[in-house]
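Results of the structural survey
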Amino acid sequence: MNLLDKLGKEWLFCDGGMGTILQAKGLAGGELPETWNLKRPQDILDLHCAYLEAGADIFNTNTFGANALKYPDDLEEIVRSAVRLAKEARVRTGREDAFIALDIGPTGKLLEPMGDLPFERAVELFGEVVRYGASEGADLVLIETMSDGYEAKAAVLAAKENCSLPVLVTTIFDSRGKLLTGGTVDSTVAMLEGLKADALGVNCGLGPEQMYPIVKRLTETASVPVIVNPNAGLPRSENGRTVYDVGPEEFSDWMVKLASLGIQVAGGCCGTTPEHIRRTIEKVSKLPFKRPVPKKRTIVTSFSRAVEIGPKPVIIGERINPTGKKKFKEALRRKDIEYILSEGLRQEDAGAHILDVNVGLPEIDEPEMMESVVTKLQSVTDLPLQIDTSDPAAMERGMRLYNGKPMVNSVNGKRESIEAVMPLVAKYGGVLVGLALDEEGIPDTAEGRIRAAEKIYAAAEEYGIPREDIVIDGLAMTISSDTGSAVTTLETLRRIRDDFGGHTILGVSNISFGLPRREIINSHFLTMAMTQGLSCAIINPGNEAMMQSYRAFLALQGMDENCMGYIEAYAGTSAPAPSGRTSAPGAPAVKSAGEGAMGLSESIERGMTGSAEAATRAALQGRDPLDIINEDLIPALDRVGQGFEKGTVFLPQLLMSAEAAKAAFEVIKESMAGTAREVKGRIILATVRGDIHDIGKNIVKVMLENYGYDIIDLGKDVAPETIVETAIRENIRLVGLSALMTTTVVSMEETIKLLREKKPDTLVVVGGAVMTQEYADAIGADCYAKDAMASVRYADSVFGA
Amino acid sequence: MRNAIDVIRETDRKEVRRYLGYYGKKADAAIEEQIGFCLEEMCTAAEPGAVFRRCGLVLCEDGRIQITALPEDRVQGILMETASKSLARNLQGCCGAYLMAVTLGQGPDLVVRRAAVLSPGKMVICQAAGAAMTEAWCDEVNREIREEASRLGFGCRPRFSPGYGDLPLTLQKDFERALEMKKEIGISLTDSLLMVPTKSVTAIIGLTREDTDCDLKGCESCSSAEGCSYKRT
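Residues numbered from 1 in each chain as written. Chains lettered and ligands numbered in written order. Predicted model: local features only at pLDDT ≥ 70, side-chain atom pairs only at ≥ 80, totals over all residues. Heavy atoms only, no water.

**Comments concerning the overall build of chain B**
This is how it is decided: Helix numbers and strand numbers start at the N terminus; a helix is a DSSP run of H or I with at least 4 residues, a strand a run of E with at least 2. Values of the radius of gyration come from C-alpha atoms, whereas the globule rule sets the reference at 2.2 Å times the count of residues to the power 0.38. Buried residues are those whose accessible area, probed at 1.4 Å on protein chains only, stays under 20% of the maximum for their type, while exposed residues exceed 50% and partly exposed ones sit between those limits. Only the protein chains shown count as cover for residues, and the accessible areas themselves come from Shrake-Rupley with a 1.4 Å probe. We count Lys and Arg on the positive side and Asp and Glu on the negative side, and we leave His and both chain ends out. Note on charges: their place is set at NZ of Lys, CZ of Arg, CG of Asp or CD of Glu.
A count of helices and strands for chain B gives 8 helices and 8 strands. Relative to its length of 233 residues, chain B is compact, with a C-alpha radius of gyration of 18 Å against a globular reference of 17 Å. C-alpha extents for chain B along the principal axes are approximately 55 × 40 × 30 Å. Relative to its 233 residues, chain B shows a buried fraction of 58%. Counting only carbon and sulfur atoms, one obtains 49% of the accessible surface of chain B, whose full area is about 9600 Å². Between the centroid of the 31 positive side chains of chain B and the centroid of its 34 negative side chains there is a distance of 2 Å.

So this is what it looks like as structure tokens:
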């Protein structure tokens, strides 16, 4: 009998606590529970038998913490013996109908980029356990107690890639209904269903009573069967001792309430016993069973946020895209991720709900860049991303490493495209953009585009991608070459909405290509498209005219409760804000009455970004750019720097001045159109291996950049080899290393040693909280910089500036 | 215990300025305003958590210090062991100890990372605000521990963290296990034993049979520190 023949069709019951019972049987502190599979197999066997006799249908192998990190030497034996014990228990109790769940818990490590376990390493670790367990005869994989959705994703992929057993996943929510990493019920359900988990749910952390709202939300959002395995109440400290005190009667009464919400699988976790499970089965199995109902919602998620597409249209920020953007292309070539991240954050502040990520340039390694941008963006924003590429390898890399359920752009009606893209969406999950075109090109009638869309819907069904995960691009083509094109696009949108109940998307501004004052056409077209059902508008949210159309539409369409969104955006404003950026949103909003009139030097000294930009623009009207740099900008920076060295100016002021100067430089750079500012020298900066603190390094970077240095920022936790290889490849004269902890100064020393050996002519400046002159001397650095200004002075002495 | 958010909302701005290097000097109005914004943003992002546990303590003749489970605990055994001389001085004469771990959660780290992209000036202020907020939260948890200890008839020494003196960071592994830090409040350790979220602290608090507590702020603020044989160095 296969589990899938019963799952979601009748009541199924899981077993209860294992660790808490082993503790009661004498498991010592620090002793790994899985070692009992070999040391005390009888105890494990007895526990399985007790749960099977209580009536559990699904019972867990004693492998919760089994992975190669904890069992580097005998993992295979631990896992295989666990499954063998489960099989033996099944025979001994005559419960051949029960299913053996290969139990997989978290690794205990935090995944990159927040922690240091690479995603693919996590997949490997889980995969190893799955291979042993599946080949030994487990009936399903139960991934449980996951407090990080990303780790759960790694485990699901590992299970799917290493066996063909059903995969069940339960996560641990806190009393606010969130995972430790911030995920909600909605975001977790969308991601796990996208990954094709066969059932999902909640375990541990809370008792059945506290789980009620979470279980309710689960049953409202999940289309697959829901599993609920609570603790025997909240752990309570009694004289320093952890106790769970919800007894079998009370527990099972609560399970009846939870079961009535429409769950399909029930069991227990910490503190529950065979008696808890027996009473639960007695009571719950009498209740009418409800099958899970498909919810048909279109959801994209980040690690913590779920964004629903439709009925309210959403804004997808289009700025992370090199098309037609010289500066962005340059950033891609230089691997200047910071610049790309700042484009993302500005769009978030401007009101984007999803960020499009297109990093395709012919001369770069797109899969690698996609990986880098997706992971780094996800460490600074919780907006869902749209992975936008025509390179299937880049698409797969982005989707695989993505933390959540992404939007994917795009597939079209051509068979070749369908065969390249749809298997990826079927495997990783995602909301897929389908361009309404096919082998015959872009149809010039709505009828033709609908036919292409139908092909896409049909193919999705073939690949097992739910229809609601398809969003059709109605194709906005410029009206300057065909005045009927907008009408065709709008009719396509309307028919997808009315005839198919589907969702649509447009790259809105394409409509006006070749026309003057494009935003006039764009903003009106956006309004028209939304009235025809447009669900996703790919636009620049920094363009105020477009956002005005969007907000006005929501208010007029009854989609902005009490017009609060509109009022919040425009109350107290009198005229349309100028388009284009005057100051970085989120940057220090230091404004004073006379700011606009302030000179450049003063703006920099006072750290006012907006006025520094304005003053630079004004100065450029009549003066040579280089004169502005040499007479105003650099002297102002120097005065602040000297003040800092004397102790009259403090770090925040120094940095704000640096930001203002940087903004002024940007304005000058734009005006100089190509003739780049003279670079004094190129410097590598890195926080050494083992150290994840990069604040100090970032401060030094800003200062050095302002003083005319080109910085190769290798980031944090950087291996000595990487630093040395880069220094050799780029022929670098000066390397700056940062370490915050005494323990990581060792890596610093290692790096210096390797550098001396492989590239002896490179100088090293070191800094960081624990660093001292003595320390620096001891590890063989050329210079100890006590702060950012000292780094600048040293660089100037090295490069003779 | 007071509501954690209330506690961190009342974080002393003086402390934030101290972390920024102002040492008692006033910042100018624009920076002061920024400190206000950053404190607010960090507080909004914070999801503070705390876990603590009373333990047994064995001070061995050979200088080893063992922190053990209490007889009534479900799982018995030694929770951590160290030969740290600095900790030995701190725990001299103690008959028990608390282990504690606190965190502001991952939200403040996100705020700092975002600021690092858009504004380094804001980044350092958020960083300083976070450090001051963490200390304020530690003080509150420490206060709660002192109240519990005093009900049980103990006085408390100032808290002592891995990384102080010669107390090694490797103890973080033992804290992780003994307090189930990851499961309870979401603190993970990297291979180099740093905590994530970064705004997190672990500490040991010695228990004495004396009826007076040490200064909560530690020996640096204590008026009797001069000549005190338990002084933290």
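**Some details on the overall build of chain A**
Put simply, the rule reads: The criterion used for residue contact is that any of the two residues' heavy atoms lie within 4.5 Å.
A count of helical and extended segments in chain A gives 30 helices and 25 strands. C-alpha extents for chain A along the principal axes are approximately 90 × 75 × 50 Å. Considering only contacts in chain A between residues 6 or more positions apart, those separated by 24 or more positions represent 74%. When the accessible area of chain A is evaluated, it comes to approximately 30900 Å², of which 52% is carbon and sulfur surface.

**Focus on helix α7 (residues 171–179) of chain B**
With 7 of its 9 residues buried, α7 of chain B lies for the most part within the structure. Count one or two residues on from α7 of chain B and you reach Glu180 of chain B, which has phi positive near 45 degrees.

**Quick look at the pairing of strand β19 (residues 503–507) of chain A**
Residue and element names in this part refer to chain A. The criterion, for reference: Here, a strand pair is defined by DSSP locating no fewer than two bridges between the strands. Look down the strands so they point away from you; if the path from the first strand over the helix to the second goes clockwise, the crossover is right-handed.
Of all 5 residues that make up β19, 5 are buried, and the element is covered over most of its length. Residues His503, Ile505 and Gly507 point to one face of β19 and Thr504 and Leu506 to the other, with burial holding for every one of them. Pairing of strand β18 (residues 470–473) with β19, which is carried by 3 bridges, proceeds in the parallel orientation. Paired with Val471 across the strands is His503, a residue of β19. Taken together, β18, helix α18 (residues 485–500) and β19 constitute a β-α-β crossover, and its handedness is right-handed.

**Some remarks on the pairing of strand β22 (residues 709–713) of chain A**
All names here are of chain A. Taken across its 5 residues, β22 has 4 buried, putting it largely inside the fold. Bridge analysis of strand β21 (residues 681–687) against β22 gives 5 bridges, and the strand direction is parallel. Across the sheet, the residue bridging to Ile684 is Ile712, located in β22. Note that the unit made of β21, helix α26 (residues 695–706) and β22 has a crossover that is right-handed.

**Considering the sheet that holds strand β23 (residues 734–738) of chain A**
Residues and elements named next belong to chain A. To be explicit about the condition: Axes here refer to lines fitted to C-alpha atoms; in helices the fit is confined to the stretch in contact. Angles between the N-to-C directions go from 0 to 180 degrees.
Read across the sheet, 5 strands follow the order β22-β21-β23-β24-β25 without closing on themselves; strand pairing throughout is parallel. This sheet does not close on itself; its edge strands, each paired only once, are β22 and β25 (783–784). Sheet topology note: the strand β24 (residues 763–767)/β25 ladder contains 2 bridges and is parallel. Within β25, the position partnered with Val766 by the bridge is Tyr784. Of the strands in this sheet, β23 and β24 are in contact with helix α28 (residues 742–758), which crosses β24 at around 175 degrees.

**Re the pattern of salt bridges**
Residue and element names in this part refer to chain A. Our working rule: Here, a salt bridge means any side-chain nitrogen of Lys or Arg that lies within 4 Å of a carboxyl oxygen of Asp or Glu.
Following the criterion strictly, the structure yields 85 salt bridges over all chains and no others. Notably, a salt bridge pairs Arg305 with Asp382, separated by 3.0 Å at the nearest N-O pair. Of the two residues, Arg305 is situated in the loop between β11 (299–301) and β12 (306–308) and Asp382 in the loop between α14 (366–377) and β15 (385–388); the sequence distance between them amounts to 77 residues. A relative accessible area of 33% means that Arg305 is categorised as partly exposed. Of the residues examined, Asp382 reaches a relative accessible area of 18% and is grouped as buried. One salt-bridge network, in which partners are shared between bridges, spans Glu249, Asp253, Glu275, Arg278, Arg279, Glu282 and Lys283.

**Details of the domain arrangement of chain A**
Here is the rule we go by: For the purposes of this description, domain bounds are those given by an automatic or database domain assignment.
Split into domains, chain A comes out as domain 1 (3–284), domain 2 (301–405), domain 3 (595–672) and domain 4 (681–799). For domain 2 of chain A and domain 3 of chain A, the distance between their C-alpha centroids amounts to 32 Å.

**Side note on the interface of chain B and chain A**
Let me state the cut-off plainly: Two parts placed together each lose some accessible area; with a 1.4 Å probe, that loss summed over both constitutes the buried area. Definition of a polar contact: a pair of N or O atoms within 3.5 Å, with one able to donate and the other able to accept a hydrogen when the atoms are protein atoms, and with sequence-neighbouring residues admitted only if both atoms are side-chain atoms. Following the grouping adopted for this structure description, the nonpolar residues are Ala, Val, Leu, Ile, Met, Phe, Trp, Tyr, Cys and Pro, the charged ones are Asp, Glu, Lys and Arg, and the polar ones are all others, Gly among them.
Each partner contributes to the interface: chain B provides 47 residues, whereas chain A provides 61 residues. For the pair chain B and chain A, the summed buried area comes to about 4700 Å², and 61% of that belongs to carbon and sulfur atoms. By the criterion of area lost to chain A, the three top residues of chain B are Arg74, Arg114 and Leu118 of chain B, representing 15% of everything that side buries. Summed over the shared surface of chain B and chain A, the number is 12 residue pairs in polar contact (both at pLDDT 80 or more). Elements represented by at least two residues in the side of chain B that touches chain A include exactly α3 (29–45), α5 (107–118), α6 (120–151), α7, α8 (181–185) and β6 (188–189) of chain B. Class assignment for the residues of the side of chain B that touches chain A results in 20 nonpolar, 12 polar and 15 charged.

**Some thoughts on the sheet that holds strand β7 (residues 226–229) of chain A**
Residues and elements named next belong to chain A. Taken in spatial order, the 8 strands of this open sheet run β1-β10-β7-β6-β5-β4-β3-β2, and their pairing is parallel. What marks the edges here is a single partner per strand, and that holds for β1 (12–13) and β2 (58–60). Inspection of the sheet shows β1 paired to strand β10 (residues 265–266) by 2 bridges, in the parallel sense. By the bridge assignment, Leu12 is partnered in β10 with Val265. Across the sheet, helix α7 (residues 149–162) lies against β4 (140–146) and β5 (167–171), angled at about 170 degrees from β4, the strand it touches most. Contacts from helix α9 (residues 208–221) reach β6 (199–203) and β7, with the element oriented near 170 degrees to β6.

**Things to note about the environment of Thr504 of chain A**
Residues and elements named next belong to chain A. Tracing the chain through its elements places Thr504 in strand β19. Spatially, the C-alpha atom of Thr504 lies 6.8 Å from that of Gly474, the residues being 30 residues apart in sequence. In contact with Thr504, not counting residues within four places along its chain, are Val471, Ile472, Leu493, Ile496, Gly533, Leu534, Ser535 and Cys536.

**Here we look at the nonpolar core**
Residue and element names in this part refer to chain A. To keep things clear, this is the line we draw: Note on terminology: a nonpolar core comprises buried Ala, Val, Leu, Ile, Met, Phe, Trp, Tyr and Cys residues joined through side-chain atoms within 4.5 Å.
Ile143, Val228 and Met422 are the most contacted members of the largest nonpolar core, which has 136 residues in total. Residue-level mapping places this core at the junction of two domains, with at least three residues from each of domain 1 (3–284) and domain 2 (301–405). If near-sequence neighbours (up to four positions away) are discounted, Ile143 is found in contact with Ile104, Ala155, Val156, Val167, Leu168, Val169 and Thr170.

**Concerning a nonpolar patch on the surface**
Residues and elements named next belong to chain A. What counts, and what does not: For patches, a residue must show more than 30% relative accessible area and have no salt bridge; joins then use 9 Å for like charges and 5 Å for nonpolar side chains, namely Val, Leu, Ile, Met, Phe, Trp and Tyr.
There is a patch of nonpolar side chains on the surface, built from Met564, Tyr566 and Ile567 and spanning about 270 Å² of accessible area. As for its position among the elements, Tyr566 is in helix α21 (residues 564–570). We classify Tyr566 as partly exposed; its relative accessible area is 37%.

**Quick word on the side chain of Glu468 of chain A**
Residue and element names in this part refer to chain A. Mapped onto the fold, Glu468 is located in the loop between α17 (446–462) and β18. For the buried Glu468, no salt bridge exists, and the shortest N-O distance to an oppositely charged side chain is 4.9 Å, to Lys296. If we skip the residues at most four places from it in the chain, Glu468 touches Lys296, Arg297 and Thr298.

**Some details on the packing of aromatic side chains**
For any two aromatic rings, the description comes down to two numbers: the centre-to-centre distance and the angle of the planes. The criterion, for reference: Pairing of aromatic rings covers Phe, Tyr and the six-membered ring of Trp, with a centre-to-centre limit of 6.5 Å; geometry is then stacked below 30 degrees between planes, edge-to-face above 60, and tilted otherwise.
For the coordinates displayed, the defined rule picks out 10 aromatic pairs over all chains. Between Tyr457 of chain A and Phe500 of chain A the ring centres are 5.5 Å apart and the planes differ by 20 degrees, which places this aromatic pair in the stacked class. Linking Tyr457 of chain A in helix α17 with Phe500 of chain A in helix α18, this pair joins segments that are 43 residues apart in sequence. Neither Tyr457 of chain A nor Phe500 of chain A differs from the other in exposure class; each is buried. Their ring planes at 75 degrees and their centres at 5.3 Å tell us that Phe160 of chain B and Tyr164 of chain B sit as a pair that is edge-to-face.

**As for the environment of Ile712 of chain A**
Residue and element names in this part refer to chain A. Here Ile712 shows up in strand β22. For Ile712, a relative accessible area of 17% corresponds to the buried category. Apart from the residues within four sequence positions on either side, Ile712 is in contact with Arg682, Ile683, Ile684, Leu685, Thr726, Glu730 and Ile732.

**Here we look at the confidence of the model for chain B**
Residue and element names in this part refer to chain B. Definition in use: Confidence of the prediction at every residue is given by pLDDT, a number between 0 and 100.
When pLDDT is averaged across chain B, the result is 90; 95% of the residues are at 70 or more. Mean pLDDT across the elements of chain B ranges from a minimum in α8, with 90, to a maximum in strand β4 (residues 96–103), with 97. Overall fold confidence for the complex sits at a pTM of 0.90, while the interface term, ipTM, reaches 0.87.

**A closer look at the packing of helix α5 (residues 75–93) of chain A against helix α6 (residues 119–136) of chain A**
To characterise two packed helices, one gives the angle between the axes of the helices and the distance between these axes. Residue and element names in this part refer to chain A. Rules: For a crossing to be left-handed, the near helix must be turned anticlockwise from the far one by less than a right angle; the clockwise case is right-handed.
Two elements in contact, α5 and α6, have axes whose closest approach is 9 Å; the angle formed by their N-to-C orientations is 35 degrees. Considering the relative orientation of α5 and α6, their crossing is right-handed. Across the interface between the two elements, Leu75, Glu76, Val79, Arg80, Val83, Arg84 and Lys87 of α5 pack against Glu128, Val129, Tyr132, Gly133, Ser135 and Glu136 of α6. Class assignment of the residues belonging to the contact of α5 with α6 gives a composition of 5 nonpolar, 2 polar and 6 charged.

**What to know about the environment of Phe59 of chain A**
For Phe59 of chain A, the position within the fold is in strand β2. If sequence neighbours within four positions are ignored, Phe59 of chain A has contacts with Asp15, His48, Leu52, Ala86, Arg90, Ala98, Phe99, Ile100 and Ala101 of chain A.

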